[in-house]
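Descriptive analysis of the structure
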Amino acid sequence: NNVKDYNCDICHSDESVEIPEAKHYTNNQPIHVCCNCGFVYVKKRRSADSIAKSWSEELFGSVYTAKIPAVAARQKYVAETIDSTIGLKGKRVCDIGSGEGLFPEILRQPDYGAEVFAIEPSEYNCQLINAKGIQYFVGTIEEYIDSPDSSDNEFNIVTILWTLENCQNCRTMLEAAYSSLEKNGKLVVATGSRILVPFKKPLHTYLSTTPIDTHAFRFSANTLQALFILSGFKIVHINRFIDT
C-alpha cells in the first residue's frame with residue numbers, strides 16, 4: 001500500500017527502460033536500467049521499514065541464511081581482505097545488516113581482535129547476536145542514526161556485507177554509514193557484483209519471485225564506485241572481483 005516510484009539512485013534521472021526478460025523470473029515484477037548512467041535498479045519500492053520487515057519475517061531462515069559454508073567462506077574472505085588492507089586489531093567496527101551475527105563473530109576472534117557492534121532490524125536475529133555477547137542495535141541504519149545511541153559512537157570501520165543491494169535507499173544507507181565513521185574512517189562494502197562480470201548462476205537462480213524491492217539494486221563496479229564518490233567517499237581499495 002505504500003509503494004512509490006523512485007528515480008535513479010545515482011544520477012536521479014527519471015528516464016529508464018524496463019528489462020522485459022526479467023519478468024519471466026520475477027513473477028512479472030519489473031527491473032529497470034537508467035538511460036543516463038546504466039544503473040540497474042527497482043523503481044517501485046515500499047518503505048524502508050516494510051522492506052526490513054520482509055527480510056526479518058519472510059526471508060531470513062526460509063529463503064536466506066548465513067549458516068551455510070558458501071556464505072561463511074565469503075564472510076571469511078571479506079575479513080581477510082579488511083585485515084590485510086586496513087587492519088582489524090583493536091578497531092571499532094560497525095556491521096550494518098548483521099543478520100545472524102556471523103560476521104561480527106568472525107571479526108572479534110583473536111586472529112582479528114576487533115571490537116564489534118551490530119545493527120540489525122530483525123528482533124530474532126538480534127537475540128542470536130545477543131547470545132554471542134555482541135553489542136547491537138535493533139532496527140535499520142536510518143533508525144540507528146536517529147537514535148540517542150548513535151551520538152556516542154564513532155567507528156573506525158563500517159561494513160555493509162550483501163546488504164546495500166537489499167535496502168530501500170542505497171544513498172541513505174551510505175550517508176548514514178558516513179556519519180557513523182570517525183574522520184578518515186573506512187567503509188567496506190561487499191556485494192554480489194554480477195553486472196559486467198561473468199555470471200555464476202543461471203537467471204532462474206539469480207532472479208526470484210520474492211518481493212522485488214527486497215533486492216532493489218544490482219551494481220557493477222562502476223556504479224558502485226560512483227555511489228561511493230557521490231556519498232563523500234574516496235576509493236582506496238578494490239578487490240579482484242572478476243574472479244574472487
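Residues numbered from 1 in each chain as written. Predicted model: local features only at pLDDT ≥ 70, side-chain atom pairs only at ≥ 80, totals over all residues. Heavy atoms only, no water.

Our next topic: the sheet that holds strand β6 (residues 92–96). Taken in spatial order, the five strands line up as β8-β7-β6-β9-β10 in an open sheet, and their pairing is parallel. The open sheet has two free edges, formed respectively by β8 (135–138) and β10 (181–190), since each of these has just one partner strand. Averaged over all pairs of adjacent strands, the angle between their axes in this sheet comes to 20°, without regard to strand direction. Examined bridge by bridge, β6 and strand β9 (residues 155–161) share four bridges and lie parallel to one another. Bridge pairing in β9 links V93 to I157. Strands in contact with helix α4 (residues 123–131) are β7 (115–120) and β8; relative to β8, the strand with the most contacts, it is inclined by about 170°. With respect to the sheet, helix α6 (residues 170–180) is in contact with β6, β9 and β10, its orientation differing from that of β10 by roughly 140°. (Pairing = 2+ DSSP bridges. Helix = DSSP H or I, 4+ residues; strand = E, 2+ residues; numbered from the N terminus. Axes fitted to C-alpha atoms, helices over the stretch in contact; angles between N-to-C directions. Contact = heavy atoms within 4.5 Å.)

Turning our eyes to something else, we now look at the sheet that holds strand β11 (residues 217–218). What the four strands build is an open sheet, ordered β2-β3-β4-β11; its pairing is antiparallel. Across the chains shown, the open sheet's two edge strands, defined by having one partner strand only, are β2 (16–18) and β11. Pairing analysis gives two bridges linking strand β4 (residues 40–41) to β11, with the strands arranged antiparallel. By the bridge assignment for β11, Y41 is matched with F217.

On the surface, Y25, F199 and L203 cluster together into a nonpolar patch covering about 260 Å² of accessible area. Looking at Y25, the relative accessible area reads 31%, which means it is partly exposed. (Patch = residues over 30% accessible without salt bridge, like charges linked within 9 Å, V, L, I, M, F, W, Y side chains within 5 Å. Areas by Shrake-Rupley, 256 points an atom, 1.4 Å probe, with all protein chains shown as cover. Salt bridge = Lys/Arg side-chain N within 4 Å of Asp/Glu carboxyl O. Buried < 20%, exposed > 50% of the residue type's maximum accessible area, 1.4 Å probe, protein only.)

Moving on to the pattern of salt bridges. The tally for this structure, following the rule as stated, stands at eight salt bridges. Salt-bridge contacts for R45 lead to D9; the nearest nitrogen and oxygen are separated by 2.6 Å. Pair noted here: R45 is in strand β5 (residues 44–45) and D9 is in the loop between β1 (4–5) and β2, with a separation of 36 residues, a long-range link. The buried category is assigned to R45, whose relative accessible area is 0%.

Looking now at the environment of D152. Within the fold, D152 resides in the loop between α5 (141–145) and β9. Using a relative accessible area of 68% as the deciding quantity, one classes D152 as exposed. In this structure the C-alpha to C-alpha distance between D152 and S180, which are 28 residues apart in sequence, comes to 9.8 Å.

Okay, the confidence of the model for the protein next. Summarising the model, the protein shows a mean pLDDT of 91, and 98% of its residues fall at 70 or more. Across the protein, β2 holds the top mean pLDDT of 98, while helix α7 (residues 203–206) sits lowest at 84. (pLDDT = per-residue confidence, 0-100.)

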